[in-house]
6 protein chains.
Amino acid sequence: MEPLYLQEIIARALAEDIGHGDITTDNLVDAQDISEGTFTAKAEGIIAGITVARAVFHYLDPDTEFTVLIEDGQPVAAGDTIARVKGKTRVLLTGERSALNFMQRMSGIATRTNKMVEMIRYQKARIVDTRKTAPGLRRLEKYAVMMGGARNHRFGLYDGAMIKDNHIKAAGGILKAITTLRAQIPHTIKIEVEVENLQQLQEALEAKVDIIMLDNMDTGTMKKAVEIVNGQALLEASGGINEQTIVEVAKTGVDFISIGALTHSVTSLDISFNLL
Amino acid sequence: MEPLYLQEIIARALAEDIGHGDITTDNLVDAQDISEGTFTAKAEGIIAGITVARAVFHYLDPDTEFTVLIEDGQPVAAGDTIARVKGKTRVLLTGERSALNFMQRMSGIATRTNKMVEMIRYQKARIVDTRKTAPGLRRLEKYAVMMGGARNHRFGLYDGAMIKDNHIKAAGGILKAITTLRAQIPHTIKIEVEVENLQQLQEALEAKVDIIMLDNMDTGTMKKAVEIVNGQALLEASGGINEQTIVEVAKTGVDFISIGALTHSVTSLDISFNLL
Amino acid sequence: MEPLYLQEIIARALAEDIGHGDITTDNLVDAQDISEGTFTAKAEGIIAGITVARAVFHYLDPDTEFTVLIEDGQPVAAGDTIARVKGKTRVLLTGERSALNFMQRMSGIATRTNKMVEMIRYQKARIVDTRKTAPGLRRLEKYAVMMGGARNHRFGLYDGAMIKDNHIKAAGGILKAITTLRAQIPHTIKIEVEVENLQQLQEALEAKVDIIMLDNMDTGTMKKAVEIVNGQALLEASGGINEQTIVEVAKTGVDFISIGALTHSVTSLDISFNLL
Amino acid sequence: MEPLYLQEIIARALAEDIGHGDITTDNLVDAQDISEGTFTAKAEGIIAGITVARAVFHYLDPDTEFTVLIEDGQPVAAGDTIARVKGKTRVLLTGERSALNFMQRMSGIATRTNKMVEMIRYQKARIVDTRKTAPGLRRLEKYAVMMGGARNHRFGLYDGAMIKDNHIKAAGGILKAITTLRAQIPHTIKIEVEVENLQQLQEALEAKVDIIMLDNMDTGTMKKAVEIVNGQALLEASGGINEQTIVEVAKTGVDFISIGALTHSVTSLDISFNLL
Amino acid sequence: MEPLYLQEIIARALAEDIGHGDITTDNLVDAQDISEGTFTAKAEGIIAGITVARAVFHYLDPDTEFTVLIEDGQPVAAGDTIARVKGKTRVLLTGERSALNFMQRMSGIATRTNKMVEMIRYQKARIVDTRKTAPGLRRLEKYAVMMGGARNHRFGLYDGAMIKDNHIKAAGGILKAITTLRAQIPHTIKIEVEVENLQQLQEALEAKVDIIMLDNMDTGTMKKAVEIVNGQALLEASGGINEQTIVEVAKTGVDFISIGALTHSVTSLDISFNLL
Amino acid sequence: MEPLYLQEIIARALAEDIGHGDITTDNLVDAQDISEGTFTAKAEGIIAGITVARAVFHYLDPDTEFTVLIEDGQPVAAGDTIARVKGKTRVLLTGERSALNFMQRMSGIATRTNKMVEMIRYQKARIVDTRKTAPGLRRLEKYAVMMGGARNHRFGLYDGAMIKDNHIKAAGGILKAITTLRAQIPHTIKIEVEVENLQQLQEALEAKVDIIMLDNMDTGTMKKAVEIVNGQALLEASGGINEQTIVEVAKTGVDFISIGALTHSVTSLDISFNLL
């Protein structure tokens, strides 16, 4: 995680929570009082965001000692100590909730992602995320997806070209859309087109597109798509794929499976923070 | 929703998504082209965030026409049209994902909240949220909780005093902690103390605390707490309460039930945006 | 004082004063030159803001040595040395005025506050501040009020509910207003109502409001209010109270006296900074 | 007042006051409800900041109607209506305090300034302000000084060169300091030197400095300074000058009298806001 | 040009220039005075930035009328009127310099770019820009390059993968570097590798890289590279290419020629602004 | 260079370049890997911006060792090592381009400035810069001008009064304009008037203006102006002066020659960064 970006996102989270002051802690705990605490997993999963939690405490006081016991991307069982923190009691009590809010959400993402990655571990297909992330937290969530063992799709509208139905209409056809984009966008960016049937797939292929997204296709059609394309473009399956359907989709032979639920429907990993 | 705050959070979300430009749309769609689109529910639930979605499009172009058909807080069935948007095609295509990211998450919160509110509709207890929100989005999420029919707990560390275990230790006892706070914090703020057993409850009561949080108590003990307190303080049940346990907890007679999962474990409501 | 907030407010103050550079100092004083200076009181009073002054110099150069001799909240006599500063001469000369601007204003607030606190030292009533603060400096000014020995009222419109005349009209009566708020705002926040006569007081009392503000009442009526309320709500006197009237108001038996002049009409404490 | 700067300073003031929401008004007043209110002077003085007050309401809602009856810089008597405001009741109630905080402080500055300006109306000397302003509000306060009929000294360390004692030491003498600055700073900026006695004055004069500040001199010495200088440089009197001493100082024949108290010790002008 | 981004960059430019106020204009020109002015080319070239100039005036006053006569990307001859502006005289005089600073620099870029584009008009090769832009102005400068008829390379380190010498060393070889990146970065981004000789080119080709940059090669070697690659990857020539060498480079048959000087060494196009 | 300002401008430059991450470096280079690199001049010139380059690396990692071998303002020959940098390889590779973008542009300005300064070394006239700078970079560019041996004109519209043609018209004549300004702006600021002929010059002189700008005059007229003014005001020559004309202009005896091209038409100094 890039430190510059973290500072800003943490400042925002703490400002939101602390406001004009932690009126309980500031009035009850001595400014010089020192404590030690631990983050403990209360369920099994994959950890992500421990570096963000550390940065939260360091933001409040750079002298806080933060010892990571389980690194981002590592599995954790209920009862495992994830990290130890030693520093001003005020800092520990004031920062605790924000640190947990980051880490629990990110670990929840990593955990679900990893579960799905494991389900298709022996298939060629790689799971990728989407732009369906909590506003303002995209980089953190995409990092958590990586920690769960999957890969990132484009980060925004700027680092990937994705031609959808409406773009095709506006441009006057798939070929026209691809040709126009190819002449306008940086040559470092690939072009992806979303197709709904095999005819569109054929058109996209003829326009020598880089990536074809198979949108909400049944797995039978997907298989045919894989045969037709035969390596001439990357194939990405998309559309409501979940734990029930992912194995079947992966078996069609597509290269990528994009799953919005990895980030739009997150169950936090249960983690607690306790002073010793 | 306060317009000033919305501007900032939307600017951030759009900057994150658009970066240096929507390279697909800007190169394929004419700047003057006009379209119309609709937001459609694909599952039943409670809508929240339609005002945020509108603000997203207005941020990109104040002349966008946005017609709300289903207001925040209203129920929606699969297939219902939630809103119509008419404006520059570029604005619609560029803003679509950000608008959905806000609205789907917020509606997901409102939907789950409402389901739990309905489960205890005939009990005295009121559901309240917690500080377990996605960093940077707390106000939106607490608004969604309200739209789901529940109430807000304190917004941060600054507008409510919550004495926890570690504060009690630091202060030297419950009575000491409450007395100290009472003399220091604004007289407009109530004091809440978290208790783990009936002895602590008794102490808190004698210190004339305003609110007592029953932390992870079984419902039998909760009932005794209700009897002991007998209206001398507000009682709040807390600790992993969910759809399975909420009715039993409500029946103990507590005043409030706080539920972190309302915001920390959200399933997005399925909503789609389509150009006509 | 919370360090994060200080950074921002100091950055703003310095940017305003330094602009594109301290053209006198930067061109006359060598970048490596070191000096020592002292802050000296030139009148008696209560010090507040010494931590802010320190932060000003640390912002310009973290290596500046700043030795506090008289802490915030302590009394000072004319001629007393308040703090010593040692560091780059440039930093001392460039930061001097901003440090003084903060400290003189805050000490002025603490000094006047303390004088009034002393006047009613043996009464029950506690002095509280208001929202009549210099825009952008509220937290600093409320901190100075604390250093003067008085207490803080709510920090803003968000952490206290204050029902005024117009709210009562809009809601359709005192009872209606209180009941509505009780059901909508977080249960951690108390409700205060502003009353202008004893009839309104009675209504407020029946609605079981938490705090009643007696707005511009004569002390005779205040006394009656104290008798009527008899501990069922907190009573706050308000309205142009000053050094001439505070003792009489305090003797009525009210719990709080709020005084806008503490922050809206401040005479700076005379403090000078001199290089040795 | 420059609109761009106003936006920022108002946003900050409102954020400080409103926080996550005006919990009283938002819950009691209907969003569409319209009211009208007036700003009324409760003491005589000079108005400054009416444009800032207007900008506060326009910031909250651009459609608010704001009719100025007494312009900035105009005198006002107790009971005079200064402005009328018509718009959303919520906007009026939420913005009222912030608008008053700006306007009362600025009008307080203009009022005291004007009183002193009047005292030396028939003298050559012009009153100027200093850098002793409330941090973050300097432009507003200097504007208020102008509205009071006095003039502005430099705005910061960047738009005027002021050689003080320590600069002289660092540079190695008055002549050396002036010569060095003359060769380094933009030729559009004048150089001012602070002198404590007539010998320093003589040196400054020989170095052909533009402005000489007579620091804490008695009026007898000031008179001699005026004679010696005889129009070869501008003369500025400084140091604790107030209503008691200003006339005598003005009579010495100096060109400018700088007065820190205009901005560092402000008594707010009493102004009220009432809904009709 | 995206309006949101423009606002921010213009605000910064104006703040830098206006500071606490345009002391000449504000004191000499009446606030209500209206004028009309024109932007006139004083040399021939290609216009870029007219939309930015317009946004500068609209930022200062949205009611300013700005009539574009020569659009971005269009050629201009000395004496041509580029745009007319009508609005407050203050706005015209205060904004003039900032508007020109943007437009002259951007038009200078477009003009030089276009000259080089014309030189190789009948070759396959396309000119692309680099990251050698003025800090904080990259988007504007890349837009100007587009207006000059050339294309954009990646916008930053985030939207293109460029493997240089040091990356190869760190990764342990070209193949390793490409394979690692392929497995880690979004599949929407192409991979470019910088090679210094034909052996490295061969390696890159075998690793199936998308784009190969020929770094500082003589045109003889470039020609061989074109033959070897034979369409299996895109070829980009780079390294100090200018007006003297571009034709020869283009004739080698490379696909792209990247030229840092387009943005790092800009001669402003001479444009004046005159009130009528 | 003031550190506070640098932080902000560097943060912006890096954000623009790094975006959501340096996807090449972050995926190929180990986070702990350490390297050393050098900045080398590839052409002769004057260095400016080495402190900015250092600040870029320190911003990314405060522990980076940066050894300056050639200070700002010093001459450099092709092949000279300007600075050595040792630190995390990631930091070196990610920061390299931004550091160079600052330093090359600033050194280009210093180099051209110095060349012109040398051309009139034995004349009285001093070269000054203008407001024709790259938006957002003015302070850096004016600093580079100083490093090249010339002087700074006003930094913006706020720290110098410059009466141009349109101001004269608005004010009703040169005398009126100067008198009005003299009574309104701080007495620390000089007044400059732009004249186009000797009659205007005479008027300005009679109004006792501080500085007279001779706008686009031929050198014959300039000489007459020098004779007429005879030291009663500072004289500044302006208008398209370049390497071809500067000596002749200087010989007329004017005090200052302002040259926009120093900053509006910059050729970057060729500097490279190489890992050892």
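Look up a bit, the structure's there.
Residues numbered from 1 in each chain as written. Chains lettered and ligands numbered in written order. Predicted model: local features only at pLDDT ≥ 70, side-chain atom pairs only at ≥ 80, totals over all residues. Heavy atoms only, no water.

1. Section: the packing of helix α3 (residues 50-60) of chain E against helix α4 (residues 89-119) of chain E
Residue and element names in this part refer to chain E.
Move 1: The geometry of α3 relative to α4 is characterised by a closest axis approach of 8 Å and an angle of 155 degrees between their N-to-C directions. It follows from the interaxial angle that α3 and α4 lie roughly antiparallel. Considering the relative orientation of α3 and α4, their crossing is right-handed. The segment α3 lies against α4, with I50, V52, A53, V56, F57 and L60 engaging V91, L92, T94, G95, E96, S98, A99, F102, M103 and M106.
Move 2: For the contact of α3 with α4, a count of residues per class yields 12 nonpolar, 3 polar and 1 charged. (Axes fitted to C-alpha atoms, helices over the stretch in contact; angles between N-to-C directions. Helix = DSSP H or I, 4+ residues; strand = E, 2+ residues; numbered from the N terminus. Parallel < 35°, antiparallel > 145°, perpendicular 65-115°, else oblique. Left-handed = near helix turned anticlockwise from the far one by under 90°. Contact = heavy atoms within 4.5 Å. Nonpolar A, V, L, I, M, F, W, Y, C, P; charged D, E, K, R; others polar.)

2. With respect to the relation of the copies chain E and chain A
Move 1: Superposition record for chain E on chain A: RMSD 0.0 Å, screw rotation 180 degrees, translation along axis 0.0 Å. Given the turn and translation reported, the copies of this chain are related as if by a two-fold rotation axis. (Least-squares fit on C-alpha atoms with pLDDT ≥ 70 in both.)

3. Here's the deal with the sheet that holds strand β3 (residues 65-68) of chain E
Two orientations exist for strands paired in a sheet by backbone hydrogen bonds: parallel and antiparallel.
Residues and elements named next belong to chain E.
Move 1: Taken in spatial order, the 4 strands make up an open sheet running β3-β5-β1-β13, and their pairing is antiparallel. Sheet topology places β3 and β13 (271-275) at the edges, where each strand pairs with a single neighbour. Here the strands of the sheet are splayed against their neighbours by 15 degrees on average, with no regard to which way each runs.
Move 2: α3 contacts β1 (34-41), β3 and β5 (81-88) of the sheet and is inclined by roughly 175 degrees relative to β3.
Move 3: α4 rests against β1, β5 and β13 of the sheet, and its axis sits at about 165 degrees to β13. (Pairing = 2+ DSSP bridges.)

4. Points about the pairing of strand β3 (residues 65-68) of chain A
Residue and element names in this part refer to chain A.
Move 1: Residues F66 and V68 line the buried face of β3, whereas the alternating positions E65 and T67 sit on a face that is not buried.
Move 2: Sheet topology places β3 next to strand β5 (residues 81-88); 4 bridges connect them, and they run antiparallel. Residue V68 lies in a different strand from β5, and its bridge partner there is A83. (Buried < 20%, exposed > 50% of the residue type's maximum accessible area, 1.4 Å probe, protein only.)

5. Focus on the pattern of salt bridges
Move 1: What the rule picks out here adds up to 66 salt bridges over all chains.
Move 2: Between D129(C) and K142(C) there is a salt bridge whose closest N-O contact spans 2.7 Å. Of this pair, D129(C) sits in the loop between β6 (126-128) and α5 (138-147) while K142(C) sits in helix α5, and the two are 13 residues apart along the sequence.
Move 3: For D129(C), a relative accessible area of 0% corresponds to the buried category.
Move 4: Taking relative accessible area as the criterion, K142(C) reaches 0% and is therefore assigned buried.
Move 5: Between R12(E) and E8(E) there is a salt bridge, with its nearest N and O atoms 3.6 Å apart. (Salt bridge = Lys/Arg side-chain N within 4 Å of Asp/Glu carboxyl O.)

6. As for the interface of chain E and chain A
Move 1: Between chain E and chain A, the residue contacts involve 25 residues of the former and 25 residues of the latter.
Move 2: Overall, the association of chain E and chain A removes approximately 1900 Å² of surface from exposure, summing both partners, and the carbon and sulfur fraction of that is 55%.
Move 3: At the surface where chain E touches chain A, the tally comes to 0 salt bridges.
Move 4: Inspection of the region where chain E meets chain A yields 14 residue pairs in polar contact (both at pLDDT 80 or more).
Move 5: Elements that contribute at least two residues to the side of chain E that touches chain A include exactly α7 (174-184) and β10 (234-238) of chain E.
Move 6: Class assignment of the residues belonging to the side of chain E that touches chain A gives a composition of 11 nonpolar, 6 polar and 8 charged. (Buried area = accessible area lost by both parts, 1.4 Å probe. Polar contact = N/O pair within 3.5 Å; in protein donor to acceptor, adjacent residues only side chain to side chain.)

7. Some points on the side chain of T130(F)
Residues and elements named next belong to chain F.
Move 1: Residue placement: T130 occurs in the loop between β6 (126-128) and α5 (138-147).
Move 2: For T130, a relative accessible area of 15% gives the class buried.
Move 3: When sequence neighbours within four positions are dropped, the list of residues in contact with T130 reads K142, S258, I259, G260 and T263.

8. A word on the sheet that holds β6(F)
All names here are of chain F.
Move 1: Reading across the sheet, the 6 strands line up as β6-β11-β10-β9-β8-β7 and stay open at both edges, with parallel pairing between neighbours. This sheet does not close on itself; its edge strands, each paired only once, are β6 and β7 (161-163). This sheet shows a mean twist of 25 degrees between the axes of neighbouring strands, independent of strand direction.
Move 2: The sheet contact formed by strand β9 (residues 211-215) and strand β10 (residues 234-238) spans 5 bridges and is parallel. Within β10, the position partnered with I211 by the bridge is L234.
Move 3: Contacting β7 and β8 (191-195), helix α7 (residues 174-184) runs over the sheet at an angle of about 165 degrees to β7.
Move 4: Running at roughly 170 degrees to β10, helix α9 (residues 219-229) makes contact with β9 and β10 of the sheet.

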